[in-house]
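Chains, contacts and geometry: an overview
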Amino acid sequence: MAKARRAMERDVKLVDVVIELLDARAPLSTENPDIRRITKGKKRLILLNKSDLADKGVTSAWIKRFKAEGCEVVALDARSNSSMGLVKEAIGRLAEEKRARDREKGIKERAVRALICGIPNVGKSTFINSLCKRASAKTGDKPGVTKGTQWLKVSAEFELLDTPGVLWPKFDDERTGTNLALIGAVNEEILNKEELCIELLDYLIKNYPGLLDERYVLSETEIHEKLAEYETKVTALGVNKRALAYMELTAKKRGCIKKGAEADFERAAKLITDDFKTGRMGRISLEKAE
Ligand code: G4P
């Protein structure tokens, strides 16, 4: 991590623009805390990736917020080529000021250089592949570039610098860790699956009312009955009885049953969190822009 940070501190001096990939479902949780500091003063392009899985209205609010901070922002699905034109246009806009200055000074115009960064699993490789599909080529060694760093020629006007090393997200609060596990940015095995699922259910009940009822075909009557039953129950899984009631009902609806017709909470937790992660549950954002 320290090595990746040092490499970035060196490489950032060579570029005009910094591109940071964030997960549109959790932009704050997927931000590396060092990137903003290291790239201070540089023009920034924020790519809200996996926006096909995020809530459209929430993503629009994030776009507004990042634009208000002076960044260019593009929401995209890195697996498709369709937004790559928008990315190139945004890079062009960010570089225009410098280009105009260079023209005034009589400096020969050169390709815009951009550094690309993002925490693991945010879609960096997928994005680079889509962006460079037609003209992917290393442009060879350049002085001062960290060993292992790659220059990729995107077009005659645009070169991309991919940094080696892994930049981890911040884990300074529990919510961030939960969000990262839910979107698959960190291995969920490190967290208790059932607790993770309870956090997700609690969030969905509060922020997307009716969504779970629809997805798992739960009637109002069965929810009320199960809730009433939980009100009087003490459980090892904690105090969020509403979320537990939903988990048990879903387990039974989806056949996650143990011997003796008991709900298999572990299997239900995996089913529910997988439904969220893969988008089967619909387009959901875990962080709002306000
Ligand atoms: P990284 O280099 O930043 O580590 O990420 P990478 O490109 O390998 O992408 C991680 C996973 O995310 C891949 O799925 C990839 O297909 C998926 N992905 C990338 N961009 C998007 C996007 O915009 N939308 C959606 N829906 N998925 C995207 P994978 O190979 O199946 O890996 P995994 O999901 O099993 O971890």
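Numbering of residues starts from 1 in every chain and runs along the sequence as written. In keeping with the predicted nature of the model, local features appear solely for residues at pLDDT of at least 70, side-chain atom pairs appear and are counted solely at 80 or more, and the whole-chain, interface and lining totals rest on all residues. Note that water and hydrogens are dropped before the side-chain values are worked out from all heavy atoms of the structure.

Quick notes on the pairing of strand E5 (residues 150-155)
The condition that has to hold: When DSSP finds two or more bridges between two strands, those strands count as paired. Put simply, DSSP H or I for four residues or longer makes a helix, DSSP E for two residues or longer makes a strand, and each gets a number counted from the N terminus.
Where E5 lies against strand E6 (residues 158-162), five bridges are found, and the strand directions are antiparallel. If you follow Gln150 over to E6, its bridge partner there is Asp162. Remark: two residues form the turn of the hairpin made by E5 and E6, two consecutive strands paired antiparallel.

As for helix H7 (residues 193-207)
The condition is simple: One less than the residue count of a helix, multiplied by 1.5 Å, gives the span that helix is expected to have. Residue exposure (1.4 Å probe, protein chains only): buried if accessible area is under 20% of the type maximum, exposed if over 50%, otherwise partly exposed. When checking whether two residues touch, look at their non-hydrogen atoms; a contact exists if any pair is within 4.5 Å. Definition of a polar contact: a pair of N or O atoms within 3.5 Å, with one able to donate and the other able to accept a hydrogen when the atoms are protein atoms, and with sequence-neighbouring residues admitted only if both atoms are side-chain atoms.
Here H7 spans 21 Å end to end across 15 residues, near enough to the 21 Å set by a 1.5 Å rise per residue. Where H7 is concerned, the buried positions are Lys193, Glu194, Leu196, Cys197, Ile198, Leu200, Leu201, Tyr203, Leu204 and Ile205. Where H7 is buried, its residues meet helix H6 (174-183), helix H8 (211-215), helix H10 (241-253) and helix H11 (265-277). Regarding H7, its N-cap is Asn192, as a side-chain oxygen of that residue lies 2.9 Å from the backbone nitrogen of Glu194 further along.

Concerning the environment of Lys42
Mapped onto the secondary structure, Lys42 falls in the loop between helix H2 (33-38) and strand E2 (43-49). A relative accessible area of 28% places Lys42 in the partly exposed class. Residues Lys42 and Val17, 25 residues apart in the sequence, show an inter-C-alpha distance of 6.0 Å. When near neighbours in sequence (up to four residues on either side) are disregarded, Lys42 contacts Val12, Lys13, Val15, Asp16 and Val18. Within polar-contact distance, the side chain of Lys42 engages the backbone oxygen of Val12 at 3.3 Å.

Section: the packing of aromatic side chains
Heads up, the rule is: Planes of paired rings set the category: under 30 degrees apart is stacked, over 60 is edge-to-face and the rest tilted, where pairs are Phe, Tyr or Trp rings (Trp by its six-membered ring) whose centres lie within 6.5 Å. Here, a charge over a ring is recorded when the distance from Lys NZ or Arg CZ to the ring centre is within 6 Å and its angle to the ring normal is within 35 degrees.
All chains considered together, the criterion is met by two aromatic pairs. Consider the rings of Trp62 and Phe66, whose centres lie 5.6 Å apart with planes at 25°: the pair is stacked. On the criterion of helical spacing, the pair formed by Trp62 and Phe66 is a turn pair, its members being four residues apart in helix H3 (residues 56-68). Summarising the aromatic geometry, the rings of Tyr203 and Tyr208 are spaced 6.4 Å apart at their centres and angled 50° between planes, so their arrangement reads as tilted. The aromatic ring of Trp151 is capped on one face by Arg113, whose charged end is 5.5 Å from the ring centroid.

Structural notes on the confidence of the model for the protein
Heads up, the condition is: Note on scores: pLDDT gives the predictor's confidence for each residue, bounded by 0 and 100.
Chain-level pLDDT for the protein is 87 on average; 91% of the residues reach the 70-or-more range. Note on residues 135-141: pLDDT under 50 across the span, and 14 contacts to partners over four residues away in sequence or across chains.

Re the nonpolar core
Selection rule: To define a nonpolar core, start from buried Ala, Val, Leu, Ile, Met, Phe, Trp, Tyr and Cys residues and group those joined through side-chain atoms within 4.5 Å. The start and end points of each domain follow an automatic or database-based domain assignment.
Within the largest apolar cluster, 77 residues are counted, with the highest numbers of intra-cluster contacts made by Ile19, Phe127, Leu160 and Met247. A per-element tally of this core places H7 first, with eight residues. When residues of this core are assigned to domains, at least three fall in each of domain 1 (2-162) and domain 2 (192-278). Excluding anything up to four places from it in sequence, Ile19 contacts Leu45, Leu47, Ile91, Ala114, Leu115, Ile116, Cys117, Phe158 and Leu160. Counting residues in hydrophobic clusters, the runner-up holds twelve residues, among them Ala4, Val12, Val18 and Trp151.

So, the pattern of salt bridges
We apply this condition: The rule for a salt bridge is simple: a side-chain nitrogen of Lys or Arg has to be within 4 Å of a carboxyl oxygen of Asp or Glu.
Under the criterion given, the structure shown has 28 salt bridges. Across the salt bridge formed by Arg110 and Asp16, the nearest N and O atoms sit 3.1 Å from each other. Residue Arg110 is found in the loop between helix H4 (84-105) and strand E4 (112-117), and its partner Asp16 is found in the loop between helix H1 (2-11) and strand E1 (17-23); the two are separated by 94 residues along the sequence. Between Glu96 and Arg103 there is a salt bridge, with its nearest N and O atoms 2.9 Å apart. Here Glu96 falls in the partly exposed class, since its relative accessible area comes to 35%.

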